[in-house]
Every structure is written in structure tokens, then in C-alpha cells.
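Each chain, letter by letter, is given below.
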Amino acid sequence: MVAVKVDEVDKTNPLHPKMLLSKIISVEDTGCVHIVTEYGKINTLISTSRLTPCTATNVHLDYSSEISFSAACKKASGFS
């Protein structure tokens, strides 16, 4: 499990989370990763510089759908 840092440019609402819990599902040769969150698989690559190791174990991950990073952040903040 990792937490993805949500940069200020990704925030369309000041209530967006600062971190988004996720799991790495694959690593590209470029050093970027594909991740899955409780809201779905993120449809873009994420830089490893935005990742922080996390020990969360109670997160249900949704492998069945795809979502944008911004949409996942909105859902995490309660604005869907």
C-alpha cells in the first residue's frame, strides 16, 4: 500500500485530500506506476516521487473500474 501525494495543481476544491490511499499494480520502465484505489484503477501513470509507503490494511480496492486521478480525489473528499 502507498499513499499518493495530491499536489495543489490537482486540487479543484480546497477540501480534497492531501493523500490518496492506493496500491501499486504495475511499474513501467519510466519509473512511473499504475495504481488502484478504492474508487477504481487510475487511468494515468503516477510518478514514484509522489508515493509514500503506507501500512493501511482496511482499504477495499476496486479493480473492476477505471477512474481519473482527479475524479478519485473528488470521491475521496466526498464530492462525487
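In short, a report on the structure. Nothing here was measured: the structure is a model prediction, and the numbers come from that model.

## As for the pairing of strand E2 (residues 19-27)
Logical step 1: Direction of pairing for strand E1 (residues 2-5) relative to E2: antiparallel, over a ladder of 4 bridges. Among the inter-strand pairings, Val-2 is bridged to a residue of E2, identified as Ser-22.
Logical step 2: Here E2 pairs with strand E3 (residues 32-37) via 4 bridges, running antiparallel. Along E3, the bridge assignment pairs Val-27 with Val-33.
Logical step 3: A loop of 4 residues connects E2 with E3, the two strands running antiparallel in sequence, and Gly-31 in this loop sits at a positive phi of about 95 degrees.

Criteria and thresholds
Residues numbered from 1 in each chain as written. Predicted model: local features only at pLDDT ≥ 70, side-chain atom pairs only at ≥ 80, totals over all residues. Heavy atoms only, no water. Pairing = 2+ DSSP bridges. Helix = DSSP H or I, 4+ residues; strand = E, 2+ residues; numbered from the N terminus.

By themselves these figures say nothing about function.
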